[in-house]
Amino acid sequence: MVIRIAAVGDVHMDQDVMGRFRPALEELPEHADVLLLAGDLTRHGAESEARCVAQEFGNLGVPVITVLGNHEHQCDQVPQVVKVLEDAGITVLEGTGIVVECPGGRLGVAGVKGFGGGFAGRCASDFGEPEMKSFVHTTNESAEALGKALRGLDCDLLVALTHYSPVPDTLAGEPLEIYPFLGCYQLGQAIDSAPTALALHGHAHHGSERGTTPGGVRVRNVAHPVIKQAYSIFHLGDHLIG
């Protein structure tokens, strides 16, 4: 049983980027059973930019599943962005999951944007000012939603899709000072709470590609500036290839 997963994040679409990915995407059904997008689909989260995403990543011949990134929140048009994407047949996850029937089995994908907060020994705590408590509450709430979605899926192979990173490994190359704004350990705990086979994220443009959660789940940073191609392919089965 092998399921072929294509993934990319941080494509930051606008009119001037149209067509950059499409030639490779046209060949996608030959190489993958599903395409996962790890957020930051747009530059500023404008509805017009979402239409560019829909045109570039819609009608590919394989299911397309995404989470939003922080950029999708900049213009305060999240509902409009989500509607444009869903009207194009792109599934948007936020604390939710979906099971896709693939030739190699049932693929479960649970997704959430995630949030910052940092990692073990160097993380924000739920203490002090209400602003800090609110920050950490958002982090915890997002991670809890991911864990619940992962544990609720009945599938053969399980994948976690986030924008923020669940581990510090894939942030290597980014300034240490901004690690707390690139991910949080709570996402890693959520991923480890289920029999997750693979975790995919974006957000860290100057990070590294490979990492592992404390529980041993393989993590891949698929931000476009990191993978430097239209998408990466992962063959998921008894062993991960990619």
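About the cut-offs
- Residues numbered from 1 in each chain as written.
- Predicted model: local features only at pLDDT ≥ 70, side-chain atom pairs only at ≥ 80, totals over all residues.
- Heavy atoms only, no water.
- Buried < 20%, exposed > 50% of the residue type's maximum accessible area, 1.4 Å probe, protein only.
- Helix = DSSP H or I, 4+ residues; strand = E, 2+ residues; numbered from the N terminus.
- Pairing = 2+ DSSP bridges.
- Right-handed = clockwise from strand over helix to strand, strands pointing away.
- Core = buried A, V, L, I, M, F, W, Y, C linked by side-chain atoms within 4.5 Å.
- Contact = heavy atoms within 4.5 Å.

K.L.:
Would you explain the pairing of strand β10 (residues 198-201) in this entry?
P.N.:
Within a regular strand, side chains alternate between the sheet's two faces. Covered by surrounding structure in β10 are L198 and L200 together with A199 and H201, the residues of both alternating faces. When strand β9 (residues 157-162) meets β10, the two strands line up parallel, connected through 3 bridges. Residue V159 lies in a different strand from β10, and its bridge partner there is L198. Taken together, β9, helix α6 (residues 185-192) and β10 constitute a β-α-β crossover, and its handedness is right-handed. One ladder, built from 4 bridges, connects β10 with strand β12 (residues 218-221); its direction is parallel. Residue pairing for β12: L198 is matched across the bridge by R218.

K.L.:
Where do I start with the nonpolar core in this structure?
P.N.:
In a soluble, globular protein the nonpolar side chains are often hidden away together inside. In this structure, M13, F21, L25, L28, L35, F57 and L85 are the most contacted members of the largest nonpolar core, which totals 30 residues. At the level of elements, β1 (3-8), β2 (34-38), α3 (47-57), α4 (78-87) and β4 (90-92) are the ones that each hand at least two residues to this core. Broken down by element, this core gets its largest block of residues, 5 residues, from α3. Excluding its chain neighbours within four sequence positions, the residues that come into contact with M13 are M18, F21, L41, T42, R43, E49, C52, V53, E56 and F57. Core analysis: the next-biggest nonpolar cluster, separate from the first, contains 23 residues, L36, V67, L198 and V222 among them.

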